[in-house]
Amino acid sequence: MPNASDILSAIQSAFPGAVTESRVESDRRLWLTVDAKKLVDITKFLRDKHGFDHYSGAAGVDRINDNLFEVTEILTSHGAHQVVVLMKVKTPRDNPSVPSLNGLYWNANWYEREAWEMFGINFEGHPGLYSLLLPDELVGAWPWRKDWKGYPDTTTGKRAVEKLATSGHTEYRFEPTIEELKAGTVHQRQKFPTFREREEMELGSDAEMIMHMGPQHAVVPGPFLLDLLLDGERVKKAFLDVGYIHKGIEKIMENRTYPQGLVYTDRMCYMASISNNEAYCGAVEKLLGVTPPERAQYIRVILAELSRIQSHLLGTGEFLTLLGSATYSPFMYMIIDREDVVSLMEAVTGARITHSFVRFGGVRNDLPDGFADQTRKVLKMVREKTTEYIDLLASDPIYQQRMEGVGVLTPGDARRLGVSGPPLRESDTPYDMRREDPILVYPDLDFNVITRTKGDSLARVEARMEEILESCHIVEQCLDQIPEGPIQEKLPKKVKPEPGEAYYRVEDPRGEMGFFVVSDGSDKPYRVKVRGPVYAYFQALPPLLEGVYVADVVAIAGSMDSCTSEVDR
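Residues numbered from 1 in each chain as written. Predicted model: local features only at pLDDT ≥ 70, side-chain atom pairs only at ≥ 80, totals over all residues. Heavy atoms only, no water.

Some details on the pattern of salt bridges
In the structure shown here, the tally under the stated rule is 43 salt bridges. Linking Lys 385 and Asp 337 is a salt bridge whose minimum nitrogen-to-oxygen distance equals 3.4 Å. Separated by 48 residues along the polypeptide, Lys 385 in helix α11 (residues 371-394) and Asp 337 in helix α10 (residues 329-349) bring together distant segments of the chain. One network of salt bridges, in which partners are shared, links Glu 305, Arg 308, Arg 425, Asp 432, Arg 434, Glu 467 and Glu 507. (Salt bridge = Lys/Arg side-chain N within 4 Å of Asp/Glu carboxyl O. Helix = DSSP H or I, 4+ residues; strand = E, 2+ residues; numbered from the N terminus.)

Here we look at the pairing of strand β12 (residues 234-241)
Pairing analysis gives seven bridges linking strand β11 (residues 225-231) to β12, with the strands arranged antiparallel. Note on β12: the bridge partner recorded for Leu 230 is Val 235. What sits between β11 and β12 in their antiparallel hairpin is a turn of two residues, with Gly 232 showing a positive phi close to 70 degrees. (Pairing = 2+ DSSP bridges.)

Notes on the sheet that holds strand β17 (residues 527-531)
As a general point, the strands of a sheet are linked pairwise by backbone hydrogen bonds and lie either parallel or antiparallel. An order of β15-β16-β17 is seen for the three strands of this open sheet, with the pairing classed as antiparallel. In this open sheet, the two edge strands, each paired with only one partner strand, are β15 (500-508) and β17. Each strand axis lies, on average, 15 degrees off the axis of its neighbour in the sheet, ignoring direction. Sitting on the sheet, helix α7 (residues 258-268) touches β16 (511-519) and β17, and the angle it makes with β16 is about 155 degrees. (Axes fitted to C-alpha atoms, helices over the stretch in contact; angles between N-to-C directions. Contact = heavy atoms within 4.5 Å.)

Side note on the pairing of strand β4 (residues 68-76)
Looking along a regular strand, one sees the side chains alternate between the two faces of the sheet. Most of β4 is tucked away: nine of the nine residues are buried. Burial along β4 is two-sided: the residues Leu 68, Glu 70, Thr 72, Ile 74 and Thr 76 and Phe 69, Val 71, Glu 73 and Leu 75 are all buried. Linking two consecutive strands that pair antiparallel, namely strand β3 (residues 54-63) and β4, is a turn of four residues; a positive phi of about 60 degrees is found at Asn 67 within it. (Buried < 20%, exposed > 50% of the residue type's maximum accessible area, 1.4 Å probe, protein only.)

What about the domain arrangement of the chain?
The domains assigned to the chain are domain 1 (4-137) and domain 2 (249-568). The distance between the C-alpha centroids of domain 1 and domain 2 comes to 27 Å. Domain 1 puts 36 residues into the contact, and the matching count from domain 2 is 32 residues. Note that Arg 29 and Asp 437 form a salt bridge whose closest N and O atoms lie 2.7 Å from each other. Where domain 1 packs against domain 2, one counts 19 residue pairs in polar contact (both at pLDDT 80 or more). Elements supplying a minimum of two residues to the side of domain 1 that touches domain 2: β1 (19-26), β2 (29-34), β3, β4, β5 (84-92) and α3 (108-119). At eight residues, the largest contribution of residues to the side of domain 1 that touches domain 2 is made by β3. Its residues assigned to classes, the side of domain 1 that touches domain 2 comprises 14 nonpolar, 12 polar and 10 charged. (Domains from an automatic or database assignment. Polar contact = N/O pair within 3.5 Å; in protein donor to acceptor, adjacent residues only side chain to side chain. Nonpolar A, V, L, I, M, F, W, Y, C, P; charged D, E, K, R; others polar.)

What follows is the structure in structure tokens.
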């Protein structure tokens, strides 16, 4: 299996002079800066010759003092090896443009659109740079740039002006600042079709119609807009619009100290708050060159797996209510079981949902007295109840008919669309960060990666139930193996990592969660980029819905187990 040094040598041999900077962080991490003109060729070489078939995302950085932007492309493999390549290109800030990778990776589309609407970086060859997280009216503000004034402006309070249109929708417009008027730099925003206009372009005949599901809808798992172009009872095409709860967490974290930023990771998705804590702290620990004590690592794994259990119980139970019929009762049962798991976490962290527990170099506090015995009792109950739920759903003919063979993701499509977590693993692809990019004490633990071959909605839900049983097994091993010792490395009171970049991935309840953190040597991160699993789910949902019956949309969308809050971070 090749390592990072092998990949670097292969690139340098195939493209002499194209790599301007390189750093082999470990056998599994390779950092490169390449000539932008060679980006597509090098990426194609990595994909076709070295198994880099997974485009994990892109991170833009505004180097305002150097008058340029950086775009870091994150490439890895679905099992051919464990190397993650973080390949950077640079572009002038006054006319930023880099080649698009959408022709090589279908799922590069959203990541490039986000960098465009937030930074104003053009991606040459992209099929449609339209707004994604921002309302159409706000595109052109480039809010992740370092010189962005904000809406509202912090000095005038009148940066973005709201106006109620005759249709009842709220429209926005920007008033130029006094400085812009004096300098003559008032920006003319690009005109392009709105989301609604792009939908209406797809209407082929009077027999077709567009049906709205969301952003507030009884069967939509979160505030997002899912519009269906229908031809009779079939979905001809689906359109998905996000950004309804856009929180701007990445930008906020640039203006908070490293420890202050931790509390915002909880708020990205309350069902995965511990995983988000871990991903952020792990990235900062890389910048600091710190390794948590072994006992602290065990505690972090225990809480991560308890978090996985409670998330799967809530996510599955909530999904079953969307299907209705005889599947509503399990939601009530699962919520009751989940309360006991959440109480275990509360005994350690002091909180039930937003924990802010993981710390740089360790954890906030040790396990309380009696925690191991109480945890074993709860896990015994969870294991028994989960087995009952598996049997209950397997014996319900209505549930089976609604789910089996519905929303099938083939292994090739699942990889091409960029999904991770259960939707990928249940498409016959055993891709799990705990195995592919192991952290903490996971290499010392014995567990199975739950997979299926059918790739349908039924398989995705079944697998989450089995993952609960596997997480119980992992926690019990940790309780048996955890050593005595310290729980926190000693760090300076003010956290100020040396200038540099770090990327850290975890397997959160929904899949691959990564944090890309850039330090400029100050006490605040220069840039934080979050790569979440549900963002990838959402991009993959429209093609998955094409051709299905309207009645199956709920089963398919719900089986993905989404968390809109993470998408709109």
